[in-house]
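# A structural walkthrough
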Amino acid sequence: MKNLVGRDFLTLKDYTQEEIQYFVDLGLDLKAKKKNGELHEYCKGKNIALIFEKTSTRTRCSFEVAAHDLGMGSTYLEPASSQIGKKESIADTARVLSRMYDGIEYRGYGQEIVEELAKYSDVPVWNGLTNEYHPTQMIADLMTIKEKFGKLEGLNFVYMGDARYNMGNSLMIACAKMGMNFTACAPERYFPNAELVALCKEYAAQSGGSVTLETDVMKATAGAHIIYTDVWVSMGEPDNVWKERIGELIGYQVNKKVMDNTADNSIFMHCLPAFHDWKTKIGKEVGEKFGLAELEVTDEVFESEKSVVFDEAENRMHSIKAIMLATLGGYEMK
Ligand code: CP
Ligand code: NVA
């Protein structure tokens, strides 16, 4: 799609339904090529910079593997190893990196930082997660849903938990743009902000989808095709919010009772990492302190047949490859 070349990828608000569909289908096309052992080094000779001010497993690995598969080199900049924000402004960093690289990924805090980077950069900037949005995750999730249901339009999607943060916001935008029925299932103060809800209702009116805010778990999840959740405390938030979050969100945990209330062919999704057992340092500490074996999702649901979390994780790589390829150019999907 010619008009995607040279564009930044900062939030799905900037993309039409047709363009988002193209990223999804290109991701599926590249996944098939990889599975068939078909080389696809369409960006040979190019290089990308990966700036991470927050930690990552999936996003970093996806960018690095995808870049390699496309024939590109990559440089990983971790918080401690660059001058960004400490000795050099975002604007200056953008202008320096644009002289050396063909694309820049940024993961960090406020959305305004990645927007500033994009403003001063001459090459595409990809948002690898901010407090407000996580758009690359959306293409992987839509790919996964399309693989499972063969379509996106008309599906009932329920997001449970803290719906005001990057995942809740981004999923509401993605579903509303793609003609899906999105429900945020949370206590009222965890609903996405009113301005974004109003915007997404406009998208939904165009696409034939819908946006609903619901506090009642059984009402929200009845007949759902997709149940999605995320951690209750996100990267960069202070540890002292755990007590309040657990108190307010424990009723929104994804467990067997919730899944039993959904459609027969329903699936469970999570961007990961997830606190579904005590096999992590934080999961154990928080679990012991509050007497909980699991947090946002029970181990039973996480490990169940309905759980597609590792398909999503794999699709991060194929979708990030699609996003880079579409915005860098060099290949037209037939
Ligand atoms: N889902 C996701 O973004 O994972 P990482 O934090 O490991 O990149
Ligand atoms: N809401 C989570 C998403 C992690 C992929 C966070 O920001 O930490």
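### Some details on the site of ligand 2
Around ligand 2, the surrounding shell consists of Leu129, Tyr165, Asn166, Asp230, Val231, Ser234, Met235, Cys271 and Leu272. The contact in question runs from a nitrogen atom of ligand 2 to an N or O atom on the side chain of aspartate 230, over 2.6 Å. Within the backbone of methionine 235, an N or O atom sits 2.8 Å from an oxygen atom of ligand 2. Here ligand 2 loses 95% of its free accessible area of 270 Å² to cover by the protein chains. Split into classes, the residues belonging to the shell around ligand 2 amount to 6 nonpolar, 2 polar and 1 charged.

### Comments concerning the layout of surface pockets
As a volume, the largest pocket reaches approximately 720 Å³. Around the largest pocket, the lining comprises 31 residues; the ones closest to its centre are Thr55, Val231, Ser234, Met235 and Pro273. Elements with a contribution of two residues or more to the lining of the largest pocket: α2 (58–69), α6 (166–177) and α11 (281–290). When its volume is computed, the second largest pocket comes out at roughly 160 Å³. Along the walls of the second largest pocket sit Asp239, Trp242, Lys243, Lys281, Ile282, Glu285, Val286, Lys289 and Phe290, which together make up its complete lining. Going through the elements one at a time, α9 (242–249) and α11 are the ones with two or more residues in the lining of the second largest pocket. It is α11 that contributes the most residues to the lining of the second largest pocket, 6 residues altogether. Looking at the lining of the second largest pocket residue by residue, the class counts come to 4 nonpolar, no polar and 5 charged.

### Some details on the environment of valine 297
On the secondary structure map, valine 297 appears in the loop between α11 and α12 (299–302). Judged by its relative accessible area of 0%, valine 297 falls in the buried class. Spatially, the C-alpha atom of valine 297 lies 36 Å from that of isoleucine 48, the residues being 249 residues apart in sequence. In this view, valine 297 contacts Thr229, Gln253, Val254, Phe268, His270, Phe275, His276 and Phe302; residues no more than four positions away in its chain are not counted.

### Some points on a negative patch on the surface
The grouping of Asp14, Glu112, Glu115 and Glu116 at the surface amounts to a negative patch. You can see glutamate 116 is positioned in helix α4 (residues 111–120). Under the relative-accessibility criterion, glutamate 116 is labelled partly exposed at 33%.

### What about empty space enclosed by the protein?
In this approach, a probe sized like a water molecule rolls over the atoms, and the result shows the empty space that is left. A complete count under the given rule lists 1 cavity of 30 Å³ or more for this structure. Estimated volume of the largest cavity: approximately 40 Å³. Lining the largest cavity we find Thr11, Leu12, Tyr133, Pro135, Met138, Ser170 and Ile173. Only α5 (135–149) and α6 provide two or more residues apiece to the lining of the largest cavity.

### Points about the environment of alanine 66
Mapping alanine 66 onto the fold places it in helix α2. For alanine 66, a relative accessible area of 0% gives the class buried. Taking the C-alpha atoms as reference points, alanine 66 and leucine 30, separated by 36 residues in sequence, lie 10.0 Å from one another. Residues in contact with alanine 66, not counting those within four places in the same chain, are Met317, Ile320, Lys321 and Met324.

### Details of the sheet that holds strand β1 (residues 47–52)
Strands sit in the order β2-β1-β3-β4 across an open sheet of 4 strands; the sheet is parallel. Looking along the sheet, the strands with just one partner apiece sit at the ends: β2 (73–77) and β4 (125–127). With strand direction ignored, the average angle separating the axes of adjacent strands in the sheet is 20°. Here strand β3 (residues 103–107) runs beside β4; their pairing, made up of 3 bridges, is parallel.

### Quick word on helix α7 (residues 194–207)
For α7, spanning 14 residues, the distance from its first C-alpha to its last is 20 Å, which sits close to the expected 20 Å at 1.5 Å a residue. Where α7 is concerned, the buried positions are Leu196, Val197, Cys200, Tyr203, Ala204 and Ser207. Summarising the axial view, the buried residues of α7 lie within an arc of 120°, below the 170-degree limit, and thus occupy one face. Across α7 from its buried face, at more than 90 degrees, point the exposed residues Ala194, Glu195, Glu202, Ala205 and Gln206. The N-capping residue of α7, defined by a side-chain oxygen 3.1 Å from the backbone nitrogen of glutamate 195, is asparagine 193.

So, how was this worked out
- Residues numbered from 1 in each chain as written.
- Chains lettered and ligands numbered in written order.
- Predicted model: local features only at pLDDT ≥ 70, side-chain atom pairs only at ≥ 80, totals over all residues.
- Heavy atoms only, no water.
- Near = heavy atom within 4 Å.
- Polar contact = N/O pair within 3.5 Å; in protein donor to acceptor, adjacent residues only side chain to side chain.
- Areas by Shrake-Rupley, 256 points an atom, 1.4 Å probe, with all protein chains shown as cover.
- Nonpolar A, V, L, I, M, F, W, Y, C, P; charged D, E, K, R; others polar.
- 1 Å grid on protein atoms, 1.4 Å probe; cavity = no way out; pocket = protein on both sides within 12 Å on 5 of 7 lines; lining within 4 Å.
- Points joined across faces, edges and corners; volume = space filled by probe spheres on them.
- Helix = DSSP H or I, 4+ residues; strand = E, 2+ residues; numbered from the N terminus.
- Buried < 20%, exposed > 50% of the residue type's maximum accessible area, 1.4 Å probe, protein only.
- Contact = heavy atoms within 4.5 Å.
- Patch = residues over 30% accessible without salt bridge, like charges linked within 9 Å, V, L, I, M, F, W, Y side chains within 5 Å.
- Salt bridge = Lys/Arg side-chain N within 4 Å of Asp/Glu carboxyl O.
- Lys, Arg positive; Asp, Glu negative; His and termini not counted.
- Charge placed at Lys NZ, Arg CZ, Asp CG, Glu CD.
- Pairing = 2+ DSSP bridges.
- Axes fitted to C-alpha atoms, helices over the stretch in contact; angles between N-to-C directions.
- Expected span 1.5 Å × (residues − 1).
- Arc of directions from axis to C-beta.

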